[in-house]
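Understanding the architecture of this molecule
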Amino acid sequence: MLVTQQPVFRKFWHAVMPLSQLADGPKPFTLLGENLVLFIDDNGQPAALQDRCCHRTAKLSKGWCVDKEGQACGQGRIRCGYHGWTYDRTGKVVQIVQYDADRAIPPDYCTKAYHCTARYGYAWVVLEDPVADIPPIPEFDAPGWRTIYQFYETWATSPVRALENSFDNSHFSFVHRATFGVAASPKPSKYELVDNEEGFYAETIIQAVNPEQFQQISGVSEPITTRHMRNAYFLPFSRRLDIEYPSGIRHIIINCFTPINDGHIQLCQWLFRNDTEAECPEAMLVHFDEVITREDKDILESTDPDAMVDLRRRGVEYSMDSDRPGIMIRKKLMELLAKNGEEEVHR
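The structure contained in this document is the topic of the report that follows. Computed from a predicted structure; not experimentally measured.

What counts and what doesn't
- Residues numbered from 1 in each chain as written.
- Predicted model: local features only at pLDDT ≥ 70, side-chain atom pairs only at ≥ 80, totals over all residues.
- Heavy atoms only, no water.
- Core = buried A, V, L, I, M, F, W, Y, C linked by side-chain atoms within 4.5 Å.
- Buried < 20%, exposed > 50% of the residue type's maximum accessible area, 1.4 Å probe, protein only.
- Helix = DSSP H or I, 4+ residues; strand = E, 2+ residues; numbered from the N terminus.
- Pairing = 2+ DSSP bridges.
- Axes fitted to C-alpha atoms, helices over the stretch in contact; angles between N-to-C directions.
- Contact = heavy atoms within 4.5 Å.
- Expected span 1.5 Å × (residues − 1).
- Arc of directions from axis to C-beta.
- Polar contact = N/O pair within 3.5 Å; in protein donor to acceptor, adjacent residues only side chain to side chain.
- Parallel < 35°, antiparallel > 145°, perpendicular 65-115°, else oblique.
- Left-handed = near helix turned anticlockwise from the far one by under 90°.
- Nonpolar A, V, L, I, M, F, W, Y, C, P; charged D, E, K, R; others polar.

1. Section: the nonpolar core
Counting residues in each nonpolar core, the largest one holds 64 residues, and the members touching the most others are F9, L38, V125 and L333. In terms of residue count, helix α5 (residues 324-339) provides more of this core than any other element does, six residues in total.

2. Brief notes about the sheet that holds strand β14 (residues 199-209)
Strand pairing in a sheet relies on backbone hydrogen bonds, with the paired strands running either antiparallel or parallel. The strand order β12-β18-β17-β16-β15-β14-β13 describes an open sheet built from seven strands, whose pairing is antiparallel. Every other strand in the sheet has two partners, leaving β12 (146-155) and β13 (192-195) as the edge strands with one partner each. With direction set aside, neighbouring strand axes in the sheet form an average angle of 20°. Judged from the seven bridges that link them, strand β15 (residues 224-234) and strand β16 (residues 238-244) form a sheet pairing that is antiparallel. In the strand pairing of β16, R230 is matched with D242. Along the sheet, helix α1 (residues 159-166) contacts β15, β16, β17 (250-261) and β18 (264-273); its crossing angle with β17, the most-contacted strand, is approximately 165°. The sheet strands contacting helix α4 (residues 282-300) are β12, β15, β17 and β18, and the helix crosses β12 at an angle near 25°.

3. Quick look at α4
With 19 residues, α4 extends 26 Å between its outermost C-alpha atoms, agreeing within 8% with the 27 Å of an ideal straight helix rising 1.5 Å per residue. Within the sequence span of α4, burial applies to M284, L285, F288, D289, I292, T293, E295, D296 and L300. Axial view of α4: buried residues confined to an arc of 160°, hence all on one face. Of the exposed residues in α4, those oriented more than 90 degrees away from the buried face are A283 and D298.

4. What about the pairing of strand β1 (residues 14-18)?
The side chains of a regular strand alternate, first on one face of the sheet and then on the other. Of all five residues in β1, five are buried; the element is thus mostly enclosed. The pairing of β1 with strand β11 (residues 122-126) spans four bridges and is antiparallel. The residue bridging P18 from the neighbouring strand is Y122, located in β11.

5. Considering the side chain of H171
Residue placement: H171 occurs in the loop between α1 and α2 (172-175). Of note is the side chain of H171, whose polar atom sits 3.4 Å from the side chain of N165. Beyond its immediate stretch of four places on either side in the chain, H171 contacts N165, H176 and D296.

6. Quick word on the packing of α1 against α5
The packing of two helices is summarised by the inter-axis angle and the distance between the axes. One can describe the packing of α1 onto α5 by two numbers: an axis separation of 8 Å at closest approach and a directional angle of 140°. One way to sum up the angle between α1 and α5 is to call them oblique. Remark: the crossing between α1 and α5 carries right-handed chirality. Across the interface between the two elements, V160, R161, L163 and E164 from α1 touch G326, I329, R330 and L333 from α5. For the contact of α1 with α5, the class distribution of residues is four nonpolar, one polar and three charged.

Just distances and angles here, no functional claims.
So this is what it looks like as structure tokens:
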């Protein structure tokens, strides 16, 4: 599936950029092939415009923010770096410095604006009117939980590949054989799958290697432990993985596999823990998940990003019993396409 060719994905919110990255001015981002510029407006809220000045098409991301008096600042209106045309969050040109102050600016002098909001420390963007809300993360800012912003990086793969991998128990003994995978137990545990309107819920218990240097993460000292995995899929490209160890420690990962174009995603990953920094340092948690994530990245970037979602296309890819979650993801996406009058677009 070529995600940029499926209009329905433009109607969902996508995590685009940590708000912290916008603190020093506008930044570019490509979402579903659309070139955007993000900035913080004069009310302290993120805004997203087409990254194109309507004067001579220069990228607005080459510019900077100014206040209402036209002075450079960290947030406010966005000024084009080519001729200084200045835009508000609606995309309207509100100042042309070459004009006298009392000269009216034609109302059609504007660039396209997109829905943009702040949630969970990120700027989220939807390219058209949204058909669903941003997935909930109840642990964010909740008592007893700490939030760790783990990864924000570009991968050369597609959201479908990243999603199905995150539900795939059969790759642990191979891709993750150097970390938590139990090489002697390649047969995967079985998921209990529960369908729902937003996607589905998948629950299982797996064995995991528990090396001494990472036993602070699990809170148990046995060389082999278990992970009670409560996994959830949210249409179109998000997932929640709630890992509970026998110690009662919960390691909750939230992923948004944001589609940049047909061959790249932006991996956005949050981690929530119900322990403290003194019990398990953030640096250790980031390092542990980074090693595992690099193993996934290496293998996923070797796959064809044009993942098949229409299971009627025979002979393109073959499946086995443990691929049930990945097949369910494909069925959910096909139902979404059909509901919106679309078919899978592929090479």
